[in-house]
Amino acid sequence: MKNFIIIPDEVIENIFIKLPAKSILRFKSISKYWHSVLSSQRFAASHSHYHHLNENEYSLVLIEDDAINIVDYSSLQIGKQPLDETKPVPVFAKKHSFPPPLQIFPSSWRDGSSGRLYVYSGRKTEFFCYCNGMLCIDSTYFLHYEGNDVNVPYDDRFLHDHVTVLWNPCTNEYRELPKLAGYPKPNSAVSLRFLGFVYDSTNSDYKVIRVESHYSAEIITTLDVFSLKSNLWTRMADNLPYIGREAMIINDDFFWLKRNRGIPDLKTYRETMMMLHGQIDVDEEEYFTRLRTKEKLFCFNFTTKLITELELPHMGENCNYSQTETFASLATNCLSFLANNGDLWLFKDGSWMNYVTIHPSFPREIGGVFYMKPLFFTKHNSIVMHASITDSTDEVSGRSSVQVIYHPQHSSFTVYRVHGLQTPCDRILFYNHTLVSPL
C-alpha cells in the first residue's frame, strides 16, 4: 500500500504566490476550488506584494497609438557587456493591441442642445500611467462640425472627447471609466495636463488623478480624483498653479515643475551682464536665487489639500535648469533631475542629494543624444534609461529610441534597441505582470 503525502492548501498557495503571473493564469484550470482561490482579490494582492521587489520580473512598456510593446527586463541581460558597447543589442517586444474602448470610436456625434452633427476626424494617445500591473490610458478623439451653418462660432466647430481605460495586459481585463461632465468640449476650452494612477493603501482603493487646464478669461487648473471603490469623480482642487507635463505622484504627494525656458546658464548670464552693464563680477548666490524664483517645484498633498513650494537643487555653474531634460520617478520612489552636465539629483527625506554624475563622454559615445530619461535603478545601482539618439537610417525623423543601462561604478553602458516598433517610441513605462483586476 502506497503512502500519500497530503500537502496543506496553505502550503500550495504559498508556492503559487512565488510563481509568475502568467503561470498562475494556466493553473486556474486545475479545479474549481483553485480557480476560485487564484482569482480572488486577496491572492492577487499577496502575489503582487511578493513580486513587487523582484526587478527581473519587470518589463518596459513602449506605448504606441493603438498598442503597447512589452520588453521583459530579464532580456536586457544586466551585466553582460557586448563586444562593442556602442553597437545596440537587439531585443524584441511582444505587441498587445489596446482593448476595444481604446480602439473603437463613434463615427459621429450629435449635440442634443444645438442639433449640430459632428464627425470623427482622428485620435491620439498621449497620457498613460501605471500602478501594480495595471495601465491607465487616456485616448483623445477629435470631432469636427459637419454642416453648412456659417453662424456656428469657430471654437464650436472643433471638439474633442476622450476615453480613459484601466487595463491589465497580463489578464487582458479592462474597465472604462466614467467621464467628467461636459464632454465633448471645444478644443480651445480645456486640455488634459496630467494623468496619474495610484494605490491608496489606507483605504485599499485605486485612484486615478486627472489634471485639466480650462481656458476662458484666465487659465484655471483643476484636479479631480476618481475612486474605483465608489466609481465617482471628486474635485480636489480648482485653482492650482500652472502644470506642465513634468509631474509625478509619490505616495500621498503630487509634484510638478513649473519651468521658465528663458533663463541662461551662468556663463551666458555673466556675458550678458558684462555686455549690458559692464559688470565683471557676478554674485553666484544671487544668480541661483533668481533661478529658483523662476523655476518652481510645487507639491500638492492629497490628505491636507495644501500646496507647498519646494527648493530646487543647487546644480552648479553652467547648469541651466531649463535644460534639465528629465523630471522622473525612479524605483527608489524619489523625485529626480538629470542635469545637462550629467548630474543625477535625487530628492530624499526632504533634501536634494547628488546621487551620481554620468561621464560626459557617454552621450557622444552612444551616437548623439536628443534627451535621456532615467526609468529606474537596479539592485546593483545601475541606471536604466530611455534615450532618443541620432539615427541616419531613419529618413523620416533622423532619430531612434534606445534603452541604455549605465553602470556608474565603472562608467560603462549597454545600449539596447527594440525592434518591431512602427515609429520611434518616446512613451515608455516601467511595468510588472500582476493578477490585480481593474473590475
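Residues numbered from 1 in each chain as written. Predicted model: local features only at pLDDT ≥ 70, side-chain atom pairs only at ≥ 80, totals over all residues. Heavy atoms only, no water.

Topic: the sheet that holds strand β4 (residues 94–97)
Put simply, the rule is: Here, strands pair whenever DSSP counts at least two bridges between them. Strands are runs of DSSP state E lasting at least 2 residues, helices are runs of H or I lasting at least 4, and numbering of each runs from the N terminus. Simply put, an axis is a line fit to the C-alpha atoms, just over the touching stretch for a helix, and the angle between two N-to-C directions goes from 0 to 180 degrees.
Spatially, four strands are ordered β4-β2-β1-β27 in an open sheet, and the strand pairing comes out antiparallel. A strand with exactly one partner marks an edge of an open sheet, and here the two such strands are β4 and β27 (428–432). Taking the axes of each pair of neighbouring strands and ignoring which way they run, one obtains an average angle of 30° across the sheet. Strand direction decides the pairing type here: strand β1 (residues 58–63) and strand β2 (residues 67–72), joined by five bridges, are antiparallel. Residue pairing across strands places V61 opposite I70, the latter belonging to β2.

Overview of the pattern of salt bridges
Just so we agree on the cut-off: By convention in these notes, a salt bridge is any Lys or Arg side-chain nitrogen within 4 Å of a carboxyl oxygen on Asp or Glu. Three exposure classes are used, based on accessible area relative to the maximum for each residue type with a 1.4 Å probe and protein chains only: buried under 20%, partly exposed in between, and exposed over 50%.
Per the stated rule, a full pass over the model turns up six salt bridges. Two residues, K179 and D161, come together in a salt bridge whose shortest N-O distance is 3.0 Å. With K179 in the loop between β9 (173–176) and β10 (185–186) and D161 in strand β8 (residues 158–168), the pair connects residues that are 18 residues apart, well separated along the chain. Judged by relative accessible area, which is 34%, K179 ranks as partly exposed. By relative accessible area, D161 is classed as buried at 5%. We note a salt bridge from R235 to D224, for which the minimum N-O separation is 2.7 Å.

So, the confidence of the model for the protein chain
Heads up, the rule is: Within a predicted model, pLDDT stands for the predictor's per-residue confidence, ranging from 0 to 100. Contacts were defined at the residue level, with two residues in contact if any of their heavy atoms lie within 4.5 Å.
Confidence in the prediction for the protein chain averages 75 pLDDT; 74% of positions are at 70 or higher. The secondary structure element of the protein chain with the lowest average pLDDT is strand β19 (residues 326–329), at 51, and the one with the highest is β9, at 91. Taken as a whole, residues 317–323 scores under 50 in pLDDT and shows 30 contacts with residues more than four places along the chain or in a different chain.

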